[in-house]
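Chain by chain, the residues run as shown.
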Amino acid sequence: AKSSSAADDVVRAPMPGTVVHLSVLPGDTVTAGDAVVVIESMKLEMVLRAPRTGTIKSISISAGDKFERDTILASLEPLAVS
């Protein structure tokens, strides 16, 4: 089984840019690969996706915000296993 790390719990900006659209809100449940945020960089739009299944813990940006490379845009927490 693959172990997860703290790096799997964040959506990080791959390059500087601007937030175009947020697809989730804190408390939303996402599946690995779900759209979390749409960014624009160098006139290209890119969808950043959830790295794993979990619940959106926090979102640190809003539509229209500018950010730098490696900025954490959203964080997740694993789903509780019952």
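This text follows the structure it describes.
Let us look at the structure shown here. (Residues numbered from 1 in each chain as written. Predicted model: local features only at pLDDT ≥ 70, side-chain atom pairs only at ≥ 80, totals over all residues. Heavy atoms only, no water.)

1. Description of the nonpolar core
Under the convention used in this document: As used here, the term nonpolar core means buried Ala, Val, Leu, Ile, Met, Phe, Trp, Tyr and Cys residues forming a set that is joined through side-chain atoms within 4.5 Å. Here's how the labels work: a residue is buried when its accessible area is under 20% of the maximum for its type, exposed when over 50%, partly exposed in between, all with a 1.4 Å probe on protein chains only. Helical segments are the DSSP runs of H or I of at least four residues, strand segments are the runs of E of at least two, and each set is numbered from the N terminus. Contacts between residues were defined by any pair of non-hydrogen atoms, one from each residue, lying within 4.5 Å.
Among the nonpolar cores identified, the biggest contains 16 residues, and V11, V36, V37 and L73 are the most heavily contacted of them. Mapped onto this core, the elements with two or more residues apiece are β4 (35-41) and β8 (72-77). Contacts of V36, omitting those with residues within four sequence positions, involve V11, L22, S23, V24, L48, R49, A50 and A74.

2. Quick word on unusual backbone geometry
Unlike most non-glycine residues, K43 shows phi in positive territory, near 65°. You can call K43 exposed: its relative accessible area is 78%.

3. Considerations on the side chain of S75
Here is the rule: Throughout this description, a polar contact denotes any pair of N or O atoms lying within 3.5 Å of each other; where both atoms belong to protein, one of them has to be capable of donating a hydrogen while the other can accept it, and for residues adjacent in sequence the pair is counted only when both atoms sit in side chains.
Within the element layout of this structure, S75 appears in strand β8. Within polar-contact distance, the side chain of S75 engages the side chain of S58 at 2.7 Å. Setting aside anything within four residues of it in sequence, one finds S75 in contact with D9, V10, T55, I56, K57 and S58.

4. A few points about the pairing of strand β6 (residues 54-59)
Here is the rule we go by: For two strands to count as paired, DSSP must find a minimum of two bridges between them.
Inspection of the sheet shows strand β3 (residues 29-30) paired to β6 by two bridges, in the antiparallel sense. Residue pairing across strands places V30 opposite G54, the latter belonging to β6.

5. Things to note about the sheet that holds strand β5 (residues 44-49)
The strand order across the open sheet built from four strands is β5-β4-β2-β7, with neighbouring strands paired in antiparallel fashion. Of all strands in the sheet, those with a lone pairing partner are β5 and β7 (66-67), marking the two edges. Bridge analysis of strand β2 (residues 17-22) against β4 gives four bridges, and the strand direction is antiparallel. Of the residues in β4, the one forming a bridge with T18 is E40.

Just distances and angles here, no functional claims.
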